[in-house]
Structure formats: C-alpha cells, structure tokens
Amino acid sequence: MGVGAASLAVASPAAAQTAPAFTAPARDANFWRAVRREFILDKNVLFMNVGTVGSPPKDVLRELQVRAEEVSRDAISGYGSFDEIRAELAMAYGVDTDEFAISDNTSDGMAKIFAGLNLGPGDEVLTTNHEHSGGNSPLRVAEDRHGVTTVRVTLPVGDDQTAEDYVALFEERITSRTKLIMFSAPTYLTGTMLPIRLLCELAQQHGIPTLVDAAHVPGMMAYNFRDLGADFIAGAGAKWQCGPAGSGVLYVRNRVTAANPNPLPTFWPTISSGYSGQGARTADAPGSYDIGKTLQSCGNGQRVVYDGFLAAHRMWEEIGRERIQDYVVGLSTTLKEQIVERWGRQALYSPVSDERLRCALTSFNPFQDATDVMNQEKSVEFVARLKDQHGIVIRNTTTPAPSGDVYYPMRVSTHLFHNAGDVDRVVEAAWQVSQQVA
C-alpha cells in the first residue's frame, strides 16, 4: 500500500459492537495524509458522501486491471465458490468460511435472505420506518407473495435517546406472530447506530431470528459479526470498504454459539447453482453443509470484482480496522460537536450523547429557520449550493419523523481520506449556505 502501515499491529478479527475511541491522536496526521494519497479522488472537490459510494484506492484499481487482463487473455471462467477469498474475508468479520458469501451489494444480500426464509401468511416482520429500499423491497415481495404482515417501529430523531430506549421500542411491538426482526444499523437516513447486540439479545429471548441491514458497517466499523448475535447480516463492499462496484458481504449464522444459543432458523439457499437437493438448513441439522459455498456458487461469478474486493480488504487489514473505525467515527463526533456549537443540539438528527449510537454518518438540520427542514426544494438547493459555491459533495435524505412529517436533513460522511480540517471546512461552508437558503 505504501503508507508505512506494514509494521503496525493489525486488528483482526474485528471487535464486537463496542463504543470506538473517538479521538485520532495528532501524531497520526502524517500517517493519514499518506493514506489519502492512495486515493485518486478529485482534489478540487471535497467528497463527503461515502455513505452512497466509496472510492476504490490505487491498489484496487491496479488489481482490477491486472485481473481483467488475465481473465480476458486466458478466457478464465468465474465458476466456483471462491473458497480462499471467502476464507480471508470471513476472518476479518470473525466468522467461518461456511457462513460467509460475497454478494453483489447489500440489496442483493437482503434479497437472498428473504428468498430463503420460511415466512407464511400471518407471520409478522418487525422492522422500522427508516429502512432502505434494499430491505423494504424484498419485504414487500414477501407481503404480496406469502401474506406476511409488516409491523414498523417509529424511530425517534435526534440526540435524546439511549441504546436501551431503542430496545424498548422494539420490545413493545413484539407479538406471538413476530417471526423476524429486521433493522438497519446504522440507519442510512440519520446515521443512528442502532444497538445491534442488544436488539439481537432481545430477539433471542423471544426465539426470533434477526436480519441486519449493515450496509455501512464494512470498512467503517470493526465489528465481529458472530459476537453481534445476529442470524443474518448483509453489508456493502463499495461504500466505506471502498471496494469495486458489485461487491458486498453476506453472513448467514451457521453455528449455535454463546453469542446466539438459539437453534438455527430454517433457511433455503434459493439463489444458487450449487444446490444439490440437500434441503433447507434447519435447526435439526445445524451447520449440516457449507451454506456460504452454496450461496456463492451462482453461475459465472465476478472473479475480477472479487479479487479487487480482496485488495481493498487487505489495505484495511494493513492499516487496522479498529484504527480506521476510531478515526472515522472520531471525525464524525467532532462534526457533531461543531454542529451543536453552531446550530444547537436540536439540529442533530444523529445521536452523539450515547457513544453506542454513534457512527461515521452525521445527519443534521442546517437551516436558520428549523421548519425549513421540511421544505424539499430548499434542501435540494442547499446541497447544490454547497457543491457549486464550496466544492463540497454531501447529500440530503428523506427522513420520516415521529410526528408524521417528513424531514430533509443533510447527511455527511467522514472517512479515512478526510481530516479535521475537512470537518471545519464543511461546517463553515454549511453555515454560510444556511444564511443564503432562507
């Protein structure tokens, strides 16, 4: 990689869901400056929308080119289950190879899970009103095709909640018909890191499987997937992990463990060309076959993409995933604190007071007239002015509020190619634009 990280201790496997250390030591400034040089992002633009898509570093670009030429020259197919690649990636997330598959993206992983679950008429899926279409879309298919009922927890917005408050909101909505709990962590609309471990423990107490839309976790947070206690986790490879488009991570619990002692939920590996009549993976035969291999074997796979994804993974391992987590969440915490200083705590849509709810996404209301956050045109104008006048790229979101209103706050992503000066810059620029869009 060329950033002088080879001699650093590597944090692997990733840690369970714990609060990161939120300050990056000043002595690391030169190190992170070297990391930034590994990316070819336009230097005239401050790109702070990694939550939508990341930027593959130079190592990934080189690997993609070399592998693409090899595949073209030698007419190499992509049939198989890519066991060696899956094994190396799975280790970073604290899981076994037979529990891990490389998906196309989070939405692909979520769809694969829904396609394999045994859900029927009258079964309830408990989820939230802040879910992404990657989870909502296959859930609606389950409604229309299988007669499943969706129950949604109305999430609060702001900095007035604790992790336990979110657990209580879910617990209130569980019934005897609840057959799956699905939630995003963090939520893409506000950047709230829902307490995965606590929610999974709640589900286990009721014998309910869990599906986590963890689109923003890979490359951002150094979580040990098994220790989180979830049954299924889908994540992106092309966002914070900065892998090539068409890469994602998919975890299917294939063990009864201390973190999740419940029987394995019945799961059919529906989207596969490796299924050979072995039946569903059920509680009666836990871990009876390599579910990861079965899911991975799906026609002619994207060999070039998988190698590029592995190159991104190795860069993260070289730096240290916990080190990256602490740095990017530390920048985000600084951003949140500056927002509170400029606009007041009521402007925050992302929690900061409870460290367990923090991540590297920050959503806030930048308007001088707070009610303007409900004006979509002004929200769109704000994003455009920030780019046109200040060369800063962020995005807005469409966030449902507990009151039934719809908010259009700004969302900022802080990543490993950013620094404290970038945070200062975006805050100052947003403050200036807030004087104009009124």
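Residues numbered from 1 in each chain as written. Predicted model: local features only at pLDDT ≥ 70, side-chain atom pairs only at ≥ 80, totals over all residues. Heavy atoms only, no water.

A. Up close: the overall build of the protein chain. Counting its secondary structure elements, the protein chain contains 13 helices and 14 strands. In terms of overall size, the protein chain behaves like a compact globule, its C-alpha atoms giving a radius of gyration of 21 Å where 438 residues would be expected to give roughly 22 Å. Based on the C-alpha atoms only, the size of the protein chain along its principal axes is roughly 65 × 55 × 35 Å. With 438 residues in all, the protein chain has 58% of them scored as buried. In the protein chain, of all internal contacts separated by at least 6 residues, the share reaching a separation of at least 24 is 75%. Looking at the protein chain as shown, the accessible area adds up to about 16,700 Å², and 49% of this sits on carbon and sulfur atoms. Across the protein chain, the centroid of the 39 positively charged side chains sits 3 Å from that of the 51 negatively charged ones. (Helix = DSSP H or I, 4+ residues; strand = E, 2+ residues; numbered from the N terminus. Rg over C-alpha atoms; globule rule 2.2 N^0.38 Å. Buried < 20%, exposed > 50% of the residue type's maximum accessible area, 1.4 Å probe, protein only. Contact = heavy atoms within 4.5 Å. Areas by Shrake-Rupley, 256 points an atom, 1.4 Å probe, with all protein chains shown as cover. Lys, Arg positive; Asp, Glu negative; His and termini not counted. Charge placed at Lys NZ, Arg CZ, Asp CG, Glu CD.)

B. Structural view of helix 13 (residues 420–436). Counted at 1.5 Å a residue, the expected span for helix 13 with its 17 residues is 24 Å, and the 25 Å between its end C-alpha atoms agrees. Within helix 13 the residues assigned to the buried category are D422, V423, V426, V427, A429, A430, V433 and S434. Residues of helix 13 that are buried make contact with helix 1 (29–36), strand 1 (46–47), helix 11 (321–343), strand 9 (361–364), helix 12 (376–390) and strand 10 (392–393). (Expected span 1.5 Å × (residues − 1).)

C. Here's a closer look at unusual backbone geometry. Omega for the bond connecting A185 with P186 falls within 30 degrees of zero, at 0 degrees, which places this linkage in the cis form. Of note, P186 is situated in the loop between strand 5 (178–184) and helix 7 (196–205). We note that A75 has phi near 50 degrees; this positive angle belongs to a residue other than glycine. Structurally, A75 is set in the loop between helix 2 (58–74) and helix 3 (83–92). Exposure remark for A75: the relative accessible area of 68% places this residue in the exposed category. Positioned with a positive phi, C242 is a non-glycine residue whose angle comes to about 60 degrees.

Interpretation in functional terms is not warranted from these geometric data alone.
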